[in-house]
Structures are given as structure tokens and as C-alpha cells.
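Overview (structure and organization)
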Amino acid sequence: HNSKFASYTILAKGDFPSELNIPIPFCLVVNDTSNDQLVIRAGYWFMYNLYAITRNTNKYLIRDRRTEKIQFIEYDFLAPDTINELFDSLKILGSLTVDEKGNAETTGWENSKRKTVLKKVPQAIQIFKELIQFYGISEILKFIATEKITDFDSLKKNMSAKISRSEWLNIGGQLIRKEAVEKLKKDIKSSKINTWDEVHNFYRKEGKNYNNDKLNHAYTSLLEILNITPTQFNYSFFIQLLEQTISTKTWICKGIYDSRQKDYTNSFRKMVYENDKEMNEVIGKFEDNTFIQEQFLELDELKLQIASIKKWTN
């Protein structure tokens, strides 16, 4: 069918009877034939399989074996395009009437007359807000580490003066501001750009600008989700946000740990092995999982960086 899906949408199975238009990212889409309805579990990855969604970032980065990396490809699941989708999702979810179980009905997501049911709407709203805030602070912390910022005034001077969040497009895996893409198209139509080499140079230039553009987007996203002005983003408030970032990262690490641990404790997953020793030989020991170890190491490094920032004199 002619369908459209937001980022990181997973389909439970492929026997959907009609065209789909799923505007919310990170969700599970289920064709509930027994009740003749379409079921959407918003925020599915973060509630049930944080291990898979976070590991994708590392997995695809390792698999990128291009000999000439002309395009700067983004692999992080929290990026300008997905964050913008989360903002759009918050508007959609916030407009729904939710029942006592946290579910809501909506229309326009499937080209049929049957109902569409969204599950756990309040939980998804809370998670989406927390992830947008986490994205904003995480990018600021990366900038502090890269540029060796040592005081809050210097940090604020490097933050964008823009108030509005920029729109982004995914151009073959490379994320570029919509404004820049529109200019490229205009320059091609006006013959200002005439060759493929010039187009490729555009990609290279945007790739070099990406980290700075992403930082600006992260900062404006943070201000928007918190509903504050740049003036209200002061040092004491920044410290509060850093504490919340530790809590979010701790929640992510725990979710990664718990979702992977199920593979070692679920009886139906274990039943194909003769015993635990054989299982460990095949899939490796749970305690030796390097990805999980790396995530908890990142948490420790985050705590150390934040402890250092708390020593700033501002």
C-alpha cells in the first residue's frame, strides 16, 4: 500500500488491509484483527526495547564502510528530524481525549472506517518531553567538552540567538536544514549551480556545519520544551537540568539492561538451549555484554562532567 511512516516505526506484521499514515515516531503498529482495529503503541521502543533502539546507533556506525564519506550520515535516534517529529507528536497526542486506561481513539491514520486506538498516551507524552530535554542538554554537554568551555558566560555567548526551532530534511541519510535545501533547489533552477560537483560540495559544506547547526537546534528545542526564554536559561537553572539529565541517562541505562536481560531469563527464549552454559556459548554471557558496559561507563562519565560543571564560578 501507499503508506507513510514517521521515524523508527515498527510494524507487528505486514498484513495491513489499507494505506497507513503514521505521524508519530518510535511506535509499534499492530493490525488487531480480533477487534477489527488499528492499534498504535506510542513510545514503544522506550517502554519495551531500549536495548535495540540505542544499540542501533553504534551498530550502523560500525557498518558504515564507505571508502569516501562525502555525506555526513546521522545515526543517533535523537537527532533534529526525530526531535521535530516528537514535537509534532506532542501536539497530536495532546489534542486527544484519553480514557482512564490512558488510551485514545483517533482518525486519519488508516484509509478505512475502522477505529485507530493509541495505547499509553500519557506515558508517551512524558517520555517524549523527557527525551527532547535530554537531547538538548546532551548536545550542550558535547559542545562544552569539545570546546573546553569552563564557565557559563562563555557557554551562553556560543548559544544561538535564534528563538524558533529549525526545520530539517533527511537527504539520503544526511540531515540538512530545510532552509538550506530550498536554497540549493533555487540555485539549481536559476543555474547558479550547474554541475554534480557543485551539488556534492553543498553536501560537504552542510556536513561540516552539521554539528553547529545541530547544537543550535538542540538549544532552541530545549527552550521550547521548557517554555522559557534565553534569559531564563541561567546557571542555576542549568544545574537543575543537568541533574535531570543524570536521571534520564540512568533510566535509559536501566531500560537497556532490563530489556536485554529478558533474553536470558525468558523461558521461551531459553528453551532452544540445552542449558545456561550452552546459551552463554551461543549468545555470550550477559555480564560480558560490552554495549551495556559502555552505556554505564557513559553514565559515569556524564556524572563526572556534571560534577566539574558544578565547580564553575558564575
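As a reminder, the structure under discussion sits directly above these lines.
Residues numbered from 1 in each chain as written. Predicted model: local features only at pLDDT ≥ 70, side-chain atom pairs only at ≥ 80, totals over all residues. Heavy atoms only, no water.

A separate point is a nonpolar patch on the surface. Taken together, the side chains of Phe268, Met271 and Val272 define a hydrophobic patch exposed on the protein surface, amounting to about 380 Å² of accessible area. Within the secondary structure, Val272 is located in the loop between helix H9 (267-270) and helix H10 (276-283). (Patch = residues over 30% accessible without salt bridge, like charges linked within 9 Å, V, L, I, M, F, W, Y side chains within 5 Å. Areas by Shrake-Rupley, 256 points an atom, 1.4 Å probe, with all protein chains shown as cover. Salt bridge = Lys/Arg side-chain N within 4 Å of Asp/Glu carboxyl O. Helix = DSSP H or I, 4+ residues; strand = E, 2+ residues; numbered from the N terminus.)

Mapped onto the fold, Asn289 is located in the loop between H10 and helix H11 (290-309). For Asn289, the side chain forms a polar contact with the side chain of Tyr51, separated by 3.1 Å. Beyond its immediate chain neighbours, meaning those up to four positions away, Asn289 contacts Tyr51 and Arg260. (Polar contact = N/O pair within 3.5 Å; in protein donor to acceptor, adjacent residues only side chain to side chain. Contact = heavy atoms within 4.5 Å.)

Here we take up the pairing of strand E8 (residues 168-171). Bridge count between E8 and strand E9 (residues 174-177): 4 bridges; the pairing is antiparallel. Each residue of the ladder has a partner; that of Asn170, found in E9, is Leu175. Following E8, the chain reverses through 2 residues before pairing antiparallel with E9; Gly172 in that reversal takes a positive phi of roughly 65°. (Pairing = 2+ DSSP bridges.)

On to the pattern of salt bridges. This structure, assessed with the given rule, holds 16 salt bridges. The structure contains a network of salt bridges with shared partners spanning Glu74, Glu139, Lys142 and Lys214.

If you add up the space inside the largest pocket, you get close to 1,000 Å³. In terms of lining, the largest pocket is formed by 34 residues, of which the most central are Asp76, Ser138, Glu139, Lys142 and Glu298. Listing elements by their share of the lining of the largest pocket, those giving two or more residues are helix H2 (50-63), helix H4 (121-147), helix H7 (196-226), helix H8 (235-265) and H11. Ranked by residue count, the leading element in the lining of the largest pocket is H4, at 10 residues. Classifying every residue of the lining of the largest pocket by side-chain character gives 16 nonpolar, 9 polar and 9 charged. (1 Å grid on protein atoms, 1.4 Å probe; cavity = no way out; pocket = protein on both sides within 12 Å on 5 of 7 lines; lining within 4 Å. Points joined across faces, edges and corners; volume = space filled by probe spheres on them. Nonpolar A, V, L, I, M, F, W, Y, C, P; charged D, E, K, R; others polar.)

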